[in-house]
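One letter stands for each residue in the lines below.
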Amino acid sequence: MFKFNTSLVASAIGAALLSGCSSSFVVPEQTLSDPEIKKGEGWALVWSDEFNGTEVDESKWSFEENCWGGGNNEQQCYTARDKNAFVQDGVLYLVAYNETFMGPNNPDNDYTKLNTLPYTSARLRSKEKGDWTYGRFEIRAKMPVGQGTWPAIWMLPTDYVYGTWAASGEIDIVEAVNLKAKSDAPGELNGQPESRIYGTLHYGGAWPNNKHSGQAYYLPNGANPADDFHTYSLEWEKDEMRWYVDDVHYATQTSDGWYALYTENGEQVIGHADAPFEQRFHLLLNLAVGGSWSGNTNEKNVNPDMFPQALEVDYVRVYECSNDPKTGHGCATVSEDAIKVKGNKPPMMVDLPADFTTGDSIDIFDGELNEFMQQNAYDPQGVIMDFDYVSDSERGEVMQISKRADTGNIYFEVPKLNMSAWTTNAKLIFDIKMLERTKGDKIYFKLDSGWPAVSDWPVDVPTDNDWHTIEIDLAELISNGNSFGAGRVDLSNIKNILVIDPAGEMKFQLDNVRFERN
């Protein structure tokens, strides 16, 4: 039977569609250094690529070739062409070009489904050539610049034991978006050249029940990651992840803030121990263009005039903790100044009382949170939302919420809840006191059955510092639908009984939060 050479087919298709290609990438003149990175004793080198050859070492790396867009509307086709990935003078270059290309519209190189995208780039992975459970991962790299660039040095599960993304996890050692574009960071750096990097974990259930948590970081002395090489590291041991830039330990996450949610014998199960991060993972190096993150932040979209751009990698080194290879314990490099990332709690795997929704009220908070609910935050940058219970001299314990940017919310999860009987003669009622308001004049209160099946209602924020009682007709809230997307809540399948989304930077308190009907 005749068999197509899919690589040749892809090359021919891509070559036929190249148009408007920007100028060739010029390899910069640079002097590489290999500074000594301080780390704990016991780390033994077990795998590395110093990129000292003349081409990508395919005994260590495989090329991904597709125009899938990474599942989040990225604008690049990944190719195996030398122009998109090459080694020169001890550096790996992953180069993104502004040029039209066609390839598989899926991550599995199925050439029966094709897609055309306006950029090309490269993505390498060590799957089945370098796979590890626990260790220290050290990568020295220089980032690209420009609105729409999205370099990433990260890890994915090799075996997907707990199911599809992100139930089996994802470890982002370092990412950056839109470096040197106008920053949308809250505070004094807003409008300055973007310079943040991020370390992040993805976990929870399979999409759309996935969660993520992480931390943004600025290099010392106003340095930009695109101006020079820096060493980005992750130390991964049982129950703990730690992120570093050069010699700075800036963030830690522990297993009390991550989980794996999967289905076994028809029932949802929470994974044991530090699942999903007790399985083997492999490395990925890539430069994406646009997509749901970089294309929707900073100056928005993609600036085609910035290309070509490159992610430059001096070396990749993987270490094993020789003190205890099975757990990775005993080699930690720890700073007391590192931020402890809160992460997310697993969903409550309990049965609600039969009469939970049959009465005249459902309390969310009245001095304490309802025992069948738990609070979480959507805080993509790890610095946006603060939530606490604080003492009021007259009321006792109240909720206090602080938001420092435009994106982020607080939400209250419940076991799967049917509120179909609450469509008429029902209200959401709460007391609110505004403490500070820097930006924004509304707070959106939402019912959520899983994005975009959300309905919301905007409430004008009080202009004084007194307590006010607010009542929202539930039927009006439901019929209002989703102000930020095409959708509407399904009352028979409530996931988050309340989402509180301030439309700006403010601090306020809430009390006596409940649903009532007559």
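Conventions we followed
The numbering scheme is per chain: residues are counted from 1 as the chain's sequence reads. Residues qualify for local features only when their pLDDT is at least 70, as the model is predicted, and side-chain atom pairs are given and counted only at 80 or more; totals for whole chains, interfaces and linings, by contrast, use all residues. The side-chain figures draw on all heavy atoms in the structure; neither hydrogens nor water molecules are used. In this scheme, patches are assembled from residues that exceed 30% relative accessible area and form no salt bridge. Like charges are connected within 9 Å, while nonpolar side chains (Val, Leu, Ile, Met, Phe, Trp, Tyr) are connected within 5 Å. Every accessible area reported is derived by Shrake-Rupley at a probe size of 1.4 Å, with residue values counting cover from the shown protein chains alone. By convention in these notes, a salt bridge is any Lys or Arg side-chain nitrogen within 4 Å of a carboxyl oxygen on Asp or Glu. Asp and Glu are treated as the negative residues and Lys and Arg as the positive ones, with His and the ends of the chain left uncounted. Where a charge lies is defined by one atom per residue type, namely NZ (Lys), CZ (Arg), CG (Asp) and CD (Glu). Here a strand is any run of E in DSSP of at least two residues, a helix any run of H or I of at least four, and the numbering for each starts at the N terminus. Only protein chains enter the calculation, and the probe is 1.4 Å; a residue is then buried if its accessible area is under 20% of its type maximum, exposed if over 50%, and partly exposed in between. Only the six-membered ring of Trp is used, alongside the rings of Phe and Tyr, when aromatic pairs are assigned; centres must lie within 6.5 Å, and planes under 30 degrees apart are stacked while those over 60 apart are edge-to-face, with the rest tilted. A ring is scored as having a charge over it whenever the NZ atom of a lysine or the CZ atom of an arginine sits within 6 Å of its centre and within 35 degrees of its normal. Whether two strands pair depends on DSSP finding at least two bridges between them. UniProt positions are given in the numbering used here, feature names are shortened, and annotations may be inferred rather than shown by experiment. Contacts described as polar in this section are N or O atom pairs within 3.5 Å, which, within protein, must combine one atom able to donate a hydrogen with one able to accept it, while residues neighboring in sequence count only if both atoms come from side chains. It only takes one pair of heavy atoms within 4.5 Å for two residues to be counted as in contact. Working definition of a nonpolar core: buried Ala, Val, Leu, Ile, Met, Phe, Trp, Tyr and Cys residues. They are joined through side-chain atoms within 4.5 Å. Interaxial angles span 0 to 180 degrees and are taken between N-to-C directions of axes, which are lines fitted to C-alpha atoms, for helices over the stretch in contact.

## Concerning a negative patch on the surface
And step 1. Negative charge collects at one region of the surface, where D363, D366, E368 and E371 lie side by side.
And step 2. Tracing the backbone shows E371 in the loop between β22 (361–365) and β23 (374–378).
And step 3. Taking the relative accessible area as the measure of exposure, E371 reaches 64% and is therefore exposed.

## With respect to the packing of aromatic side chains
And step 1. Under the counting rule described, the total for this entry stands at 22 aromatic pairs.
And step 2. Ring centres of F387 and Y389 lie 5.1 Å apart, and the angle between their planes is 85°; this geometry places the pair in the edge-to-face category.
And step 3. On the accessibility criterion, Y389 (30% relative accessible area) is partly exposed.
And step 4. Pairwise contacts between aromatic rings join W47, W61, W132, Y134, F137, W236, W258, F277 and F281 into one cluster.
And step 5. Above the plane of the ring of Y315 lies R317, whose end atom (NZ or CZ) is 3.5 Å from the centre.
And step 6. The lysine or arginine in question, R395, covers the ring of W467, its NZ or CZ lying 4.0 Å from the ring centre.

## Comments concerning the pairing of strand β5 (residues 91–104)
And step 1. Counting buried positions along β5 gives 12 out of 14 residues, so the element sits mostly inside the fold.
And step 2. The pairing of strand β4 (residues 85–88) with β5 spans 4 bridges and is antiparallel. What sits directly across from V87, in β5, is L92.
And step 3. With antiparallel pairing between neighbouring strands as the criterion, β4 and β5 make up a hairpin whose turn holds 2 residues, including D89 at a positive phi of roughly 55°.
And step 4. In the sheet, β5 pairs with strand β20 (residues 309–321) via 5 bridges, with the strands oriented antiparallel. In the strand pairing of β20, L92 is matched with V313.
And step 5. The sheet contact formed by β5 and strand β6 (residues 114–121) spans 6 bridges and is antiparallel. Directly across from Y97, in β6, lies its bridge partner T120.

## Comments concerning the UniProt feature "domain: GH16" (unreviewed entry) in the chain
And step 1. Under the feature "domain: GH16" (unreviewed entry), the UniProt entry names residues 27–324.
And step 2. Across residues 27–324, the secondary structure splits into 1% helix and 45% strand, with the terminal C-alpha atoms separated by 42 Å.

## Description of the pairing of strand β11 (residues 170–175)
And step 1. For β11, a buried count of 6 out of 6 residues is recorded, marking the element as mostly surrounded by other parts of the structure.
And step 2. Relative to β11, strand β10 (residues 149–157) runs antiparallel, the two being bridged by 4 bridges. Note that in β11 the partner of A152 across the bridge is E175.
And step 3. Here β11 runs beside strand β12 (residues 197–204); their pairing, made up of 4 bridges, is antiparallel. Across the sheet, the residue bridging to I171 is L201, located in β12.

## Examining the side chain of Q309
And step 1. You can see Q309 is positioned in strand β20.
And step 2. A relative accessible area of 13% places Q309 in the buried class.
And step 3. Only 3.1 Å separates the side chain of Q309 from the backbone nitrogen of V145, close enough to count as a polar contact.
And step 4. Beyond its immediate stretch of four places on either side in the chain, Q309 contacts L94, V95, A96, P144, V145, T149 and L287.

## As for the nonpolar core
A general feature of soluble globular proteins is that nonpolar side chains tend to end up buried together.
And step 1. Counting 56 residues, the largest nonpolar core has F137, M155, W236 and L283 as its most contacted members.
And step 2. Among the elements that take part in this core, strand β19 (residues 281–289) stands out by supplying 5 residues, more than any other.
And step 3. Those residues within four positions of F137 in sequence are excluded, and the remaining contacts are W132, M155, I173, Y232, S233, L234, W236, L283, R317 and V318.
And step 4. Listed in part, the 44 residues of the second largest apolar core include M373, F445, V459 and L474.

## Some points on the sheet that holds β23
Strands pair in a sheet through their backbones, by hydrogen bonds, and they do so in one of two ways: parallel or antiparallel.
And step 1. Judged by pairing direction, the sheet is antiparallel, and its 5 strands sit side by side in the order β23-β26-β31-β28-β29 without closing on themselves. Of all the strands in the sheet, just β23 and β29 (454–460) have a single pairing partner and so form its edges. Averaged over all adjacent pairs, the angle separating strand axes in this sheet is 20°, with direction ignored.
And step 2. Pairing analysis gives 5 bridges linking strand β28 (residues 442–448) to strand β31 (residues 494–502), with the strands arranged antiparallel. Paired with K446 across the bridge in β31 is V499.

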